[in-house]
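Chains, contacts and geometry: an overview
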Amino acid sequence: MPDARHKELKTIPGVGPSMARDLVDLGIEAVAELRGQDPDRLYGDLCELRGERMDPCVKYVFRCAVYFANLSVRPVLPEGSSRLVPEAMVAR
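Residues numbered from 1 in each chain as written. Predicted model: local features only at pLDDT ≥ 70, side-chain atom pairs only at ≥ 80, totals over all residues. Heavy atoms only, no water.

**Section: the overall build of the chain**
To be explicit about the condition: Helix and strand assignments come from DSSP, with helices taken as H or I runs of at least 4 residues and strands as E runs of at least 2, each series counted from the N terminus. Exposure is judged per residue with a 1.4 Å probe applied to protein chains only, and the accessible area is read against the type maximum: over 50% gives exposed, under 20% gives buried, and values in between give partly exposed. Any two residues having at least one pair of non-hydrogen atoms within 4.5 Å are treated as being in contact. Areas reported as accessible are Shrake-Rupley estimates using a 1.4 Å probe. Residue values count occlusion only from the protein chains shown.
Scanning the chain from terminus to terminus reveals four helices and zero strands. Among the 92 residues that make up the chain, the fraction classed as buried is 29%. Relative to all contacts within the chain whose residues are 6 or more apart in sequence, the contacts with residues 24 or more apart total 41%. In the structure as shown, the chain presents an accessible area of about 6,200 Å², 54% of it carried by carbon and sulfur atoms.

**Brief notes about the environment of Lys-59**
Checked against the element boundaries, Lys-59 lands in helix H4 (residues 56-70). Separated by 20 residues in sequence, Lys-59 and Pro-39 place their C-alpha atoms 6.5 Å apart. When near neighbours in sequence (up to four residues on either side) are disregarded, Lys-59 contacts Pro-39, Asp-40 and Tyr-43.

**Some words on the environment of Leu-71**
Secondary-structure assignment places Leu-71 in the segment after H4. Considering only alpha carbons, one finds Leu-71 and Arg-35, 36 residues apart in sequence, at a separation of 8.8 Å.

**Regarding the nonpolar core**
The nonpolar side chains of a soluble globular protein tend to be buried, and buried together. The following threshold applies: Throughout, nonpolar core names a set of buried Ala, Val, Leu, Ile, Met, Phe, Trp, Tyr and Cys residues whose side chains join them through atoms within 4.5 Å.
Ranked by internal contacts, the top residues of the largest apolar core, which has 22 residues, are Leu-9, Ile-12, Val-15, Leu-23, Leu-34, Val-58 and Phe-62. At the level of secondary structure, the elements contributing two or more residues to this core comprise helix H2 (17-25), helix H3 (39-50) and H4. Sorting elements by how many residues they give to this core places H4 first, with seven residues. When neighbours within four sequence positions are excluded, Leu-34 is seen to be in contact with Ile-12, Leu-23, Ile-28, Leu-42, Ala-65, Val-66 and Ala-69.

**Observations concerning the side chain of Asp-22**
As for its placement among the helices and strands, Asp-22 is situated in helix H2. Of the residues examined, Asp-22 reaches a relative accessible area of 7% and is grouped as buried. Each residue touching Asp-22, except ones within four places of it in the same chain, is listed here: Leu-46 and Arg-50.

**Details of H2**
Buried within H2 we find Met-19, Ala-20, Asp-22, Leu-23 and Val-24. A positive backbone phi angle near 95° is found at Gly-27, which sits one or two residues after H2.

**So, the pattern of salt bridges**
Here is the rule we go by: The salt bridge definition used is simple: a Lys or Arg side-chain nitrogen within 4 Å of an Asp or Glu carboxyl oxygen.
One pass over the full model with this rule turns up four salt bridges. For Arg-63, the salt bridge goes to Asp-40, with nearest N and O atoms at 3.3 Å. Of this pair, Arg-63 sits in helix H4 while Asp-40 is found in helix H3, placing the two residues 23 residues apart along the sequence. According to the relative accessible area criterion, Arg-63 is partly exposed, its value standing at 37%. Judged by relative accessible area, which is 39%, Asp-40 ranks as partly exposed. Among the charged side chains, a network of salt bridges with common partners joins Asp-22, Asp-25 and Arg-50.

Geometric descriptors of this kind do not, in isolation, establish any biological role.
Structure follows, in structure tokens:
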């Protein structure tokens, strides 16, 4: 069942419903809460919470999510999109 807390987290490139649920389960409910977080610690905490070693790709998504949260100016993504488009590719 979709959770309202997931909507903002899904604005992070690479974060879909499953990753958003993982972040919420770790106590992260907003992009701003990722600022200054340690992605390796988040990954370790998730492995411990789930009781198994998670796919290492999860760690890379956490790294990107923390990077995104730490940006002082975030790109505006089109509604429903989770993909960043390089400025050079945007039609002018």
